[in-house]
Amino acid sequence: MDAYTGFAEVYDLFMDDIPYEEWCGYLAGLLEEYGIQDGLVADLGCGTGKLTRLLAGRGYDMIGIDLSGEMLEIAREKSGPEEILYLMQDMREFELYGTVRAIVSICDSMNYLMSREELVRVLGLANNYLDPGGIFIFDLNTPYKYETVLGEQTIAENREAGSFIWENYYDPEERVNQYDLTLFVRQEDGLYRKFEETHFQYAFGLEEVKQAVREAGMELVAMYDAFTREPVREDSERVYVIVREQGKR
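Residues numbered from 1 in each chain as written. Predicted model: local features only at pLDDT ≥ 70, side-chain atom pairs only at ≥ 80, totals over all residues. Heavy atoms only, no water.

## Some details on the overall build of the protein chain
Alright, step 1. Regarding its fold elements, the protein chain presents 7 helices and 11 strands.
Alright, step 2. Along the longest, intermediate and shortest principal axes, the C-alpha atoms of the protein chain span 60 × 45 × 30 Å.
Alright, step 3. Here the protein chain holds 249 residues, and 52% of them are scored as buried.
Alright, step 4. Expressed as a percentage of contacts within the protein chain between residues at least 6 apart in sequence, the contacts between residues at least 24 apart total 63%.
Alright, step 5. Here the protein chain displays about 11700 Å² of accessible surface, and carbon together with sulfur accounts for 45% of that area.
Alright, step 6. Distance between charge centroids for the protein chain: 4 Å, based on 23 positive and 49 negative side chains. (Helix = DSSP H or I, 4+ residues; strand = E, 2+ residues; numbered from the N terminus. Buried < 20%, exposed > 50% of the residue type's maximum accessible area, 1.4 Å probe, protein only. Contact = heavy atoms within 4.5 Å. Areas by Shrake-Rupley, 256 points an atom, 1.4 Å probe, with all protein chains shown as cover. Lys, Arg positive; Asp, Glu negative; His and termini not counted. Charge placed at Lys NZ, Arg CZ, Asp CG, Glu CD.)

## As for unusual backbone geometry
Alright, step 1. The backbone phi angle of R175 is positive, close to 60 degrees, even though this residue is not glycine.
Alright, step 2. Structurally, the position occupied by R175 is in the loop between β7 (162-171) and β8 (176-186).
Alright, step 3. For F227, which is not a glycine, the phi torsion comes out positive at approximately 65 degrees.
Alright, step 4. As for its placement among the helices and strands, F227 is situated in the loop between β10 (219-225) and β11 (238-244).
Alright, step 5. With relative accessibility at 35%, the residue F227 sits in the partly exposed group.

## Notes on the pattern of salt bridges
Alright, step 1. Taken as a whole, this structure holds 15 salt bridges when the rule is applied.
Alright, step 2. Note that D225 is salt-bridged to R233, the shortest N-O span being 2.9 Å.
Alright, step 3. The exposure class assigned to D225 is buried, which follows from its relative accessible area of 9%.
Alright, step 4. In this structure, the salt-bridge partner of R233 is D235, at a minimum N-O distance of 2.8 Å.
Alright, step 5. Given the relative accessible area of 43%, R233 is considered partly exposed.
Alright, step 6. The class for D235 is partly exposed, based on a relative accessible area of 37%.
Alright, step 7. Connected through salt bridges with shared partners, the residues D90, R92 and E118 form a single ionic network. (Salt bridge = Lys/Arg side-chain N within 4 Å of Asp/Glu carboxyl O.)

## What about a negative patch on the surface?
Alright, step 1. Side chains of E152, D171, E173 and E174 sit close together on the surface and give a patch of like negative charge.
Alright, step 2. With respect to the helices, strands and loops of the structure, D171 is situated in strand β7. (Patch = residues over 30% accessible without salt bridge, like charges linked within 9 Å, V, L, I, M, F, W, Y side chains within 5 Å.)

## Digging into the sheet that holds strand β2 (residues 60-66)
Alright, step 1. Spatially, the 7 strands line up as an open sheet ordered β3-β2-β1-β4-β5-β11-β10, and their pairing is mixed. Two strands bound the open sheet, and with one partner strand each, they are β3 (85-88) and β10. Strand after strand, the sheet turns through a mean of 15 degrees between neighbouring axes, direction not considered.
Alright, step 2. Where strand β1 (residues 39-44) and strand β4 (residues 100-105) come together, 3 bridges link them in parallel fashion. If you follow A42 over to β4, its bridge partner there is I103.
Alright, step 3. Across the sheet, helix α2 (residues 20-33) lies against β2, β4, β5 (130-141), β10 and β11, angled at about 25 degrees from β11, the strand it touches most. (Pairing = 2+ DSSP bridges. Axes fitted to C-alpha atoms, helices over the stretch in contact; angles between N-to-C directions.)

In structure tokens, the structure reads:
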């Protein structure tokens, strides 16, 4: 899961087409539906903290967790008046100082878990660190997206501050998506530094997710086609999963 090293420097630049404000509004709406309008919320795979800061701006006490020290350094640099605790931890082994009202994980961070066993492990940790009846909301890229939308293609983008080449490969039998990133990041002297990274993501099927939720001892509340309250479709590219803590009193 070691990724986002060189890319951390230009992540926000190349991800500026993501409507984080809209995503935050959708996510906050889901949290409010389950009575979570404030209190401690942990953001797994927080990256440079864009969503973390937006949720903090809505009144949540945020904890941002990410494996990449480079991403967290940028998150801290961009911190405003919000008091956010950032922790450099692997989501498969994350530890909190106590329980939280909710946990969120978006932008397909959970797809970096490479097996159902790893998914069960993260869900089990979430169950442990959630308040009684607490909610965990996460999104996933679907097998349909990896096979049909991303597939075998190359994506490139060139800007003044940097450029990247994204070469994508998907193995439908193993359900593993690999993308090789070649990055050219402009330095202060005007020269460009080259970085190379390889990322792997796993395409979880819906039944596999449901089984993992059961194995982790949690309650499956809902699965939605992303940014709607509609059921997941065969051609859904991203799904939102809502699970509830079970076992505490």
